[in-house]
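Fold and contact review
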Amino acid sequence: MIPSPVDDTVWGVSEQYPGFLVRLQRGNNPPASCKRRSFKSPSRLRPRGVDIDSHGVVWTALAASNHLASFDVRKCKT
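Keep in mind the model is a prediction, meaning the values are calculated, not measured. (Residues numbered from 1 in each chain as written. Predicted model: local features only at pLDDT ≥ 70, side-chain atom pairs only at ≥ 80, totals over all residues. Heavy atoms only, no water.)

**Quick word on the pattern of salt bridges**
Put simply, the test is: When a carboxyl oxygen of Asp or Glu lies within 4 Å of a side-chain nitrogen of Lys or Arg, that pair is called a salt bridge. The way it works is that DSSP assigns letters per residue, a run of H or I at least four long becomes a helix, a run of E at least two long becomes a strand, and they are numbered from the N terminus. Note on classification: 1.4 Å probe, protein chains only; a residue is buried when its accessible area is under 20% of the maximum for its type, exposed when over 50%, partly exposed between these limits.
For the structure on display, the rule yields two salt bridges. The closest approach of N and O atoms between aspartate 7 and arginine 23, which form a salt bridge, is 3.5 Å. With aspartate 7 in the loop between β1 (2–3) and β2 (9–14) and arginine 23 in strand β3 (residues 20–25), this pair connects stretches of sequence that are 16 residues apart. Arginine 74 is the salt-bridge partner of aspartate 72, the closest N and O atoms lying 2.8 Å from each other. On the accessibility criterion, aspartate 72 (17% relative accessible area) is buried.

Put into structure tokens, the structure is as follows:
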């Protein structure tokens, strides 16, 4: 888990197959008002570990490969 430097969210990964990036946002009345969103890797490779740059872009290593993946939630439509 790592807090985002640009908003009030916390990011982590679910390492169960298929892995997900998980975004948690605290609401006005936690835990009842907290929101969770999960994002599945399009490559079907599991994310392993997570870090966030100063712009709020999430970075993760993809298991069983030598690739890094970036994810910018600002590009999501909803």
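Still to come is the rest of the account.
**Let's talk about the state of the cysteines**
Note the following rule: Pairs of cysteine sulfur atoms within 2.5 Å are what we label disulfides.
Scanning all chains against the criterion turns up zero disulfides. We note that cysteine 76 lacks a disulfide partner, and the nearest cysteine sulfur, in cysteine 34, lies 20 Å from it. For cysteine 76, a relative accessible area of 29% translates into the label partly exposed.

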